[in-house]
Every structure is written in C-alpha cells, then in structure tokens.
Amino acid sequence: MANKYRVATGNWDAANSWALTNGGTDYTTVPGTGDNAYFTSLTPTGTHTVNVTANTLDLDFTGFAGTFSGTSGMNVYGNFTLVSGMTMSHSGPITMKATSGTKTITSAGRTIGSLDLSGSGGTFQLVDTLTLSSSITRTNGTFSANSQTVSLVGTGAQAIASSFTGSSAFYNLTRTGGANKTSILRLSGNIEITNTFTANGNSS
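Notes on the structure follow. Counting starts from 1 at the beginning of each chain's written sequence and moves along it residue by residue. Per-residue local features are limited, in this predicted model, to residues with pLDDT of at least 70; the limit for side-chain atom pairs, both in listing and counting, is 80 or more; totals at the level of whole chains, interfaces and linings are taken over all residues. Note that the side-chain values use all heavy atoms of the structure and ignore hydrogens as well as water.

## Considering the overall build of the protein chain
Okay, step 1: From N to C terminus, the protein chain includes zero helices and 22 strands.
Okay, step 2: Every radius of gyration here is taken over C-alpha atoms, with the globule rule written as 2.2 Å times N^0.38, N being the number of residues. Taking 204 residues into account, the globule formula puts the C-alpha radius of gyration at 17 Å, and the protein chain, at 17 Å, falls close to it.
Okay, step 3: Referenced to the eigenvectors of the C-alpha coordinate spread, the extents of the protein chain come out at roughly 50 × 35 × 25 Å.
Okay, step 4: Any residue under 20% of the maximum accessible area for its type is buried, any over 50% is exposed, and the rest in between are partly exposed; the area is computed with a 1.4 Å probe on protein chains only. Looking at the protein chain as a whole, 44% of its 204 residues qualify as buried.
Okay, step 5: The contact criterion used is simple: two residues touch if any of their non-hydrogen atoms lie within 4.5 Å. Pairs at least 24 residues apart make up 32% of the contacts formed inside the protein chain by residues separated by at least 6 positions. Strands are runs of DSSP state E lasting at least two residues, helices are runs of H or I lasting at least four, and both sets are numbered from the N terminus onward.

Right, here's the structure in full:
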C-alpha cells in the first residue's frame, strides 16, 4: 500500500503524473486497489482525465481546484471525497467496491454521473447530499443514507436499480427532471424511502 499524489495534468495513466510525495518528482506508477490517490492543493489545476479503467483505495480531492474528467470507469475500494473547489465533469461510472468496513461518500455539492455499490460485505455511507445525473445501483453491500438526500437531476432517463430496503433504504429521495417527456425515473427492485420522496417534473 502506498499514498500516491497527482502531480501533472492529462490522462490518468500518463507518465510522471503520480508521485510518492505531495507535489514531488519521485514519480511512481498509477494507483492500484491498495493505494490511496490524492489530488491536493499542489496538484496542477488543469484537466485530469480518467482515460482507462482506474482503481484506487481512497480517492481524495481535498484542496484540489482543477477539473476531474473522463468517461472511463473509476473503482474505489475505500473512501470517496470530493470538494467544493473542484470541477467534476467525469461521466464514467464510479463503483464502490470495498468488501468490509464503512466507507464514506462525500459529494460537496458536485454532481456524479452514476454510482454503483458493489462491494459484498462493505457499507457505503453518505456524508452529505448525493447528486446524480444518471443512476444509482446496489448490487452488493449495504447503502447507508445517514439521513442525507439522494437527488437525481438528469434531464434524460435516470435509474435506481436493485433493492434499497431495510438498512439500505433511502432517507430523502428527490427526482428533479426537465420540462420534457424524456425525464424518466426507472425503478428496478424494491425501493424504500423512510422520510420524504419528492418528484418534480414540468413545474416552475
């Protein structure tokens, strides 16, 4: 296991884009499933693109002020932490894959494309409102809403797949669609909401 720091813009797997120290030139390989990936205040503020399927333990953007982009999948085996000062334009799936313990998801007001909870034995806990432009799926593990809101804001078809019941139930669930006939919410499996369900369509 190692802590790896992002030190250059460009593709995720570009040469000399990861270092073993914050802002350093002690270059290393891209993060793997047992490595923490850090984007910090010393990371260049340009665009950082996930161009291949990427794996990391913790994915932490504390202090980062650049753009996180790309369409390839991002597999996170630890905690996932976004910050308000960054731009989140990554549209690939974020897959939480921990198989034990409680792992946190911090959105900080950023919108995530799709989120898949797939780690058998893991618990995936929200720290704040989770905003999604595509879908949320639970294939394994436990979802902990932690009294937070899940908000679906896409203007096309959005989906909630698999069961979210019992200890994996939603607390608040909000669907805010566009003023059109394509803002669809698809539900697959049993869905439980313990507090408030809000559905806004063609409303002002």
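Still more to cover.
## Digging into the pairing of strand 15 (residues 123-126)
Okay, step 1: Here strand 15 shows one buried face, formed by Phe124 and Leu126, and one open face, formed by Thr123 and Gln125.
Okay, step 2: The pairing criterion is simple: DSSP has to find at least two bridges between the two strands. In terms of strand pairing, strand 13 (residues 102-106) meets strand 15 through four bridges, oriented parallel. Each residue of the ladder has a partner; that of lysine 103, found in strand 15, is phenylalanine 124.

## A word on the sheet that holds strand 5 (residues 47-50)
Within a sheet, neighbouring strands are paired by backbone hydrogen bonds and run either parallel or antiparallel to one another.
Okay, step 1: Strand order in this open sheet of four strands is 2-5-8-11, and the pairing throughout is parallel. Looking at strand neighbours, the two that pair on one side only are strand 2 (10-11) and strand 11 (87-88), the edges of this open sheet.
Okay, step 2: Where strand 2 and strand 5 come together, two bridges link them in parallel fashion. Across the sheet, the residue bridging to glycine 10 is histidine 48, located in strand 5.

## Regarding the packing of aromatic side chains
Okay, step 1: Note on aromatic pairs: the rings of Phe, Tyr and Trp (six-membered ring only in Trp) are paired at centre separations within 6.5 Å, and the planes decide the class, stacked below 30 degrees, edge-to-face beyond 60, tilted for the rest. Applying the stated criterion across every chain yields a total of twelve aromatic pairs.
Okay, step 2: Considering the side-chain rings of phenylalanine 39 and phenylalanine 64, the 5.3 Å spacing of their centres and the 70 degrees angle between planes classify their relative orientation as edge-to-face. Remark: phenylalanine 64 occurs in the loop between strand 7 (59-60) and strand 8 (67-70) and phenylalanine 39 occurs in the loop between strand 4 (36-38) and strand 5; sequence separation between them is 25 residues.
Okay, step 3: Aromatic pair phenylalanine 61 and phenylalanine 68: ring centres 4.9 Å apart, planes at 65 degrees, arrangement edge-to-face. Summarising the burial analysis for this pair, phenylalanine 61 and phenylalanine 68 share the class buried.

## Considerations on the side chain of serine 17
Okay, step 1: Relative to the elements of secondary structure, serine 17 occurs in the loop between strand 2 and strand 3 (18-19).
Okay, step 2: Take serine 17: its relative accessible area is 1%, and that puts it in the buried class.
Okay, step 3: A polar side-chain atom of serine 17 sits 3.2 Å from a polar atom in the side chain of arginine 6.
Okay, step 4: Residues in contact with serine 17, not counting those within four places in the same chain, are Tyr5, Arg6, Val7, Ala8, Asn11 and Trp12. In protein, a polar contact means a hydrogen-donor-capable atom and an acceptor-capable atom, both N or O and within 3.5 Å, with residues adjacent in sequence counting only if both atoms are side-chain atoms; elsewhere, any N or O pair within 3.5 Å suffices.

## Here's the deal with the environment of asparagine 180
Okay, step 1: Here asparagine 180 is to be found in the loop between strand 20 (170-176) and strand 21 (185-187).
Okay, step 2: In this structure, the C-alpha to C-alpha distance between asparagine 180 and glycine 156, residues 24 residues apart in sequence, is 8.9 Å.

## Notes on the nonpolar core
Okay, step 1: The term nonpolar core refers to a set of buried residues drawn from Ala, Val, Leu, Ile, Met, Phe, Trp, Tyr and Cys, joined through side-chain atoms within 4.5 Å. In this structure, Trp12, Leu59, Phe61, Phe68 and Phe80 are the most contacted members of the largest nonpolar core, which totals 37 residues.
Okay, step 2: Of all the secondary structure elements, the ones that give two or more residues to this core are strand 9 (74-76), strand 12 (93-96), strand 14 (111-117), strand 15, strand 16 (130-138), strand 18 (149-152) and strand 20.

## Description of the sheet that holds strand 3
Okay, step 1: Taken together, the eight strands give an open sheet; going across it, the order is 3-1-4-7-10-13-15-17, and neighbouring strands pair in mixed fashion. Bordering the open sheet on either side are strand 3 and strand 17 (142-144), each of which pairs with just one other strand.
Okay, step 2: Where strand 7 and strand 10 (residues 80-81) come together, two bridges link them in parallel fashion. Pairing of leucine 59 across the sheet is with phenylalanine 80, part of strand 10.

## Some points on the environment of glycine 24
Okay, step 1: In this fold, glycine 24 is placed in the loop between strand 3 and strand 4.
Okay, step 2: Overall, the relative accessible area of 14% leaves glycine 24 in the buried class.
Okay, step 3: With near-sequence residues (within four places) excluded, glycine 24 lies in contact with Val7 and Ala19.

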